[in-house]
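# Observations on the three-dimensional arrangement
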Amino acid sequence: MTKDILGIAASSGIAIAKAFRLENSELTVEKTAVTNIDQEVARFNQALETSKSELEEIKEHAHKELGEDKAAIFAAHLLVLSDPELINPIKGKIQNEQVNAEFALNEVAAMFIDMFETMKNEYMKERAADIRDVTKRVIAHLLGVQIPNPSMISEEVIIIAEDLTPSDTAQLNRQYVKGFITDIGGRTSHSAIMARSMEIPAVVGTKTVTEQVTHGTLLILDGLDGKIIVDPSAETISDYERKKAAYEAQKAEYAKLVNEPTFSQDGHHVELAANIGTPADVKSVIENGAEGIGLYRTEFLYMGRDKLPTEEEQFEAYKAVLEGMNGKPVVVRTLDIGGDKELPYLNLPKEMNPFLGHRAIRLCLDVQHLFRTQLRALLRASVYGNLKVMFPMIATLEEFRGAKAILLEEKQNLEAEGIEVSDSIEVGMMVEIPSSAIMADLFAKEVDFFSIGTNDLIQYTLAADRMNERVSYLYQPYHPAILRLVQMVIKAAHKEGKWVGMCGEMAGDEVAIPLLLGLGLDEFSMSATSVLAARSQISTLSKADIEAVIDTVLTMTTAEEVETFIRNTLIKSQSLTMMK
Ligand code: PEP
Ligand code: MG
């Protein structure tokens, strides 16, 4: 009997389907001498044609499922494969040097990639990424290695992979991909966050799923308890079908709260907002009854493509979100690239510690054209709704002041051009670095609001990489150190009459919610799918009762003590749909 595989419950729901192994194949190219030149050239032509027809198919699929802009990436790839400037030198090398096709291709492609990468012109730099991508495809065909494409899956499956990047996740076809399981990652890795917004059940950080499960094996993925059952018996399948039905029934019960405001049992109002990654997520925000958007992660607009989005493209996206929310607040976070969110086409150097590196606001203050284009698009969109802007990864007051000054400068520039900009945009910041939590009293004098980003605040406070399943035991949201920092931030903001939200995953966590209510958090922003469960939970809680015990909780010595206390005293019944 196979043992169950345990991991981290990353996105709730239950899936029963066959495993689909998604491999990130490493391609090793070796040089060999060939004697039959014509045959080698024919082999190259064949691989080229197969790659082209595959790309045509992917382009069609992307066009239908993901829209024109994603399809354009593959159109560009097709052009590369038809370019005689690339293809002829490869054939020439095979003929003149009597070498194998994959070696000739690799050498010629490397030369072009180098050449394009060192050019100043952004457009030319992007061609390097195209060449890298397409040559990988042709080499894979020459070597007889399959390159799986997650957007092309056409039967119901559960994906198993070592890791999924956020852009892999964005490409998953929800109709067929019923869930995913990874070896690495944590609950706050961005692929996990995206799975929640796409409502795809997921278990991450299993360490060994790719070793233990072979392609095609039947699996049950339990995204509620973080468990995988391999090759289940008929009896287990029917148990899980019942659990799935109970989960759906609870969701239907919560749906009755969709148009209700959020009040605690003793009449205290809080705002429940949702986190989004793309304009398409607004639909789920409305369906799940969120009162606003507390975090729009704009970096997803920059991902899954091969060049920067233009000001116009960004303007359209921000406008769509603001209009879609119909006057409700929308907190847009400026570009937070770095950590597990990479943009290959920026060609940023690899860093030893990407989560502590040249990223987010640091990058934006440095490479200002990136930042200014985004701010212009945001300011232009501001007249279409209730926009609030916040900056990510603020560590120092100078950074906040610098970013705000650029925002104001761009506002003046637009006004000088005769373009209308709203006068009531609030400007706030994420509190996700301990220095800004500790200095919250001083920041509070200058910001309009704070949004506490606990995903990062926890990793930086406990020095535990949020992506690393081996230190996930140290990644403790209920650690008294975290609760104390949250309290400091809320107190400091309220003293200055400013509001405080939380947009880290902790805001939708059933153990954290009572604590955050008691600490006086004003806005809770979470995955849209957690909103109704949170509303239901808050209606059972008395803020006054929690306030009476909050000092006791903050003097507890461990996260475990805190959790046990909350579960025993404040959580009436466990929710199936919420994060646990
Ligand atoms: C956070 O750090 O809590 C946050 C919301 O930002 P992200 O998860 O995108 O880093
Ligand atoms: Mg963050």
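Residues numbered from 1 in each chain as written. Chains lettered and ligands numbered in written order. Predicted model: local features only at pLDDT ≥ 70, side-chain atom pairs only at ≥ 80, totals over all residues. Heavy atoms only, no water.

Another point: the coordination of the magnesium ion (ligand 2). Distances from the magnesium ion (ligand 2) to its protein donors, Glu432 (OE) and Asp456 (OD), fall within 2.0 to 2.1 Å. Taken together, the residues Glu432 in the loop between strand 13 (426–431) and helix 15 (434–438) and Asp456 in helix 17 (residues 454–461) connect sequence positions 24 residues apart. Accessibility classification places Glu432 together with Asp456 in one group, the buried group. (Donors = N, O, S within 2.8 Å, 3.2 Å for Na, K, Ca; no water. Helix = DSSP H or I, 4+ residues; strand = E, 2+ residues; numbered from the N terminus. Buried < 20%, exposed > 50% of the residue type's maximum accessible area, 1.4 Å probe, protein only.)

What follows deals with the site of ligand 1. The environment of ligand 1 is made up of 16 residues, and the closest members are Arg297, Arg333, Gly453, Asn455 and Arg466. In the model, an oxygen atom of ligand 1 is placed 3.1 Å from a nitrogen or oxygen of the Lys341 side chain. One of the side-chain N or O atoms of Arg466 is found 2.8 Å from an oxygen atom in ligand 1. Calculation on ligand 1 without its partners gives an accessible area of 290 Å², and the protein chains cover 100% of this total. For the shell around ligand 1, the secondary structure elements donating two or more residues are helix 7 (190–198), strand 10 (293–297) and helix 17. By residue number, the principal contributor to the shell around ligand 1 is helix 17, which donates three residues. (Near = heavy atom within 4 Å. Polar contact = N/O pair within 3.5 Å; in protein donor to acceptor, adjacent residues only side chain to side chain. Areas by Shrake-Rupley, 256 points an atom, 1.4 Å probe, with all protein chains shown as cover.)

In contact at an axis separation of 9 Å, helix 3 (residues 84–97) and helix 4 (residues 101–117) are set at 135 degrees when each is read in the N-to-C sense. In terms of orientation, helix 3 and helix 4 fall into the oblique class. Once helix 3 is placed against helix 4, the crossing between them reads as right-handed. Between helix 3, through Glu85, Leu86, Pro89, Ile90, Lys93 and Ile94, and helix 4, the contact on the second element is made entirely by Ala101, Ala104, Leu105, Glu107, Val108, Ala109 and Phe112. Of the residues assigned to the contact of helix 3 with helix 4, the class counts are ten nonpolar, no polar and three charged. (Axes fitted to C-alpha atoms, helices over the stretch in contact; angles between N-to-C directions. Parallel < 35°, antiparallel > 145°, perpendicular 65-115°, else oblique. Left-handed = near helix turned anticlockwise from the far one by under 90°. Contact = heavy atoms within 4.5 Å. Nonpolar A, V, L, I, M, F, W, Y, C, P; charged D, E, K, R; others polar.)

Taken together, eight strands build an open sheet; the order of strands is 1-8-7-3-4-5-6-2 and the sheet is mixed. Only two strands of the sheet have a single neighbouring strand rather than two, namely strand 1 (5–6) and strand 2 (8–11). Inspection of the sheet shows strand 4 (residues 157–161) paired to strand 5 (residues 177–182) by five bridges, in the parallel sense. Each bridged residue has a counterpart across the sheet, and for Ile158 the counterpart in strand 5 is Gly179. Contacts from helix 7 reach strand 2, strand 5 and strand 6 (202–204) within the one sheet, and its direction differs from that of strand 2 by about 50 degrees. (Pairing = 2+ DSSP bridges.)

The element strand 10 is extensively covered by neighbouring structure, given that five of its five residues are classed as buried. Tracing the backbone out of strand 9 (residues 271–276), into helix 10 (residues 282–287) and back to the parallel element strand 10 gives a crossover that is right-handed. (Right-handed = clockwise from strand over helix to strand, strands pointing away.)

It is worth spelling out the UniProt feature "binding site: Mg(2+)" (unreviewed entry) in the protein at this point. Here, UniProt's "binding site: Mg(2+)" (unreviewed entry) annotation points to Glu432 and Asp456. For the residues just named, distributed over 25 residues, the greatest C-alpha separation is only 5.3 Å, placing them together at one site. For Glu432, a relative accessible area of 1% corresponds to the buried category. Sequence-distant contacts of Glu432, that is, excluding residues within four places in its chain, are made with Pro392, Met393, Gly453, Asp456, Leu457 and Tyr460. A polar atom in the side chain of Glu432 sits 2.7 Å from the backbone nitrogen of Met393. (UniProt positions renumbered as here; feature names shortened; annotations may be inferred.)

The residue Glu260 is located in the loop between helix 9 (234–254) and strand 9 in this model. In this structure the C-alpha to C-alpha distance between Glu260 and Glu313, which are 53 residues apart in sequence, comes to 34 Å.

With that settled, consider the side chain of Lys319. Tracing the backbone shows Lys319 in helix 11 (residues 311–324). Here Lys319 occupies a buried position and makes no salt bridge, while the nearest side chain of opposite charge, Glu323, is found at 4.1 Å. When residues no more than four places from it in sequence are discounted, the contact partners of Lys319 are Ala381 and Tyr384. (Lys, Arg positive; Asp, Glu negative; His and termini not counted. Salt bridge = Lys/Arg side-chain N within 4 Å of Asp/Glu carboxyl O.)

Between its first and last C-alpha, helix 3 extends 19 Å over 14 residues, near the 20 Å set by a 1.5 Å rise per residue. All of the buried residues along helix 3 are Leu86, Ile87, Ile90, Gly92, Lys93 and Ile94. If you check the start of helix 3, you find a side-chain oxygen 2.9 Å away from the backbone N of Glu85, and it comes from Asp83. A positive backbone phi angle near 55 degrees is found at Gln98, which sits one or two residues after helix 3. (Expected span 1.5 Å × (residues − 1).)

The next thing to look at is the packing of helix 11 against helix 13 (residues 368–381). Packing of helix 11 against helix 13 leaves a shortest axis separation of 8 Å and a crossing angle of 40 degrees. Our classification of the angle between helix 11 and helix 13 gives oblique. Helix 13 is crossed by helix 11, and the crossing has right-handed handedness. Along the contact surface, helix 11 presents Glu311, Glu312, Gln314, Phe315, Tyr318, Lys319 and Leu322, while helix 13 presents Thr373, Gln374, Arg376, Ala377, Leu378, Arg380 and Ala381. Counted by class, the contact of helix 11 with helix 13 contains six nonpolar, three polar and five charged residues.

Going residue by residue along strand 14 (residues 449–452), you find Phe449 and Ser451 tucked away on one face and Phe450 and Ile452 tucked away on the opposite face as well. Summarising the sheet, strand 13 and strand 14 pair through three bridges and their orientation is parallel. The residue bridging Val431 from the neighbouring strand is Ile452, located in strand 14.

As a further point, take the domain arrangement of the protein. Examined at the domain level, the protein breaks down into domain 1 (3–22 + 158–235), domain 2 (37–143) and domain 3 (260–569). A C-alpha centroid distance of 27 Å is found between domain 1 and domain 3. Counting residues at the interface gives 18 residues for domain 1 and 20 residues for domain 3. Between domain 1 and domain 3 the total buried area reaches about 1600 Å² when both faces are included, carbon and sulfur atoms providing 57% of it. Ranking the residues of domain 1 by area buried against domain 3 places Thr188, His190 and Arg196 at the top, with a combined share of 35%. (Domains from an automatic or database assignment. Buried area = accessible area lost by both parts, 1.4 Å probe.)

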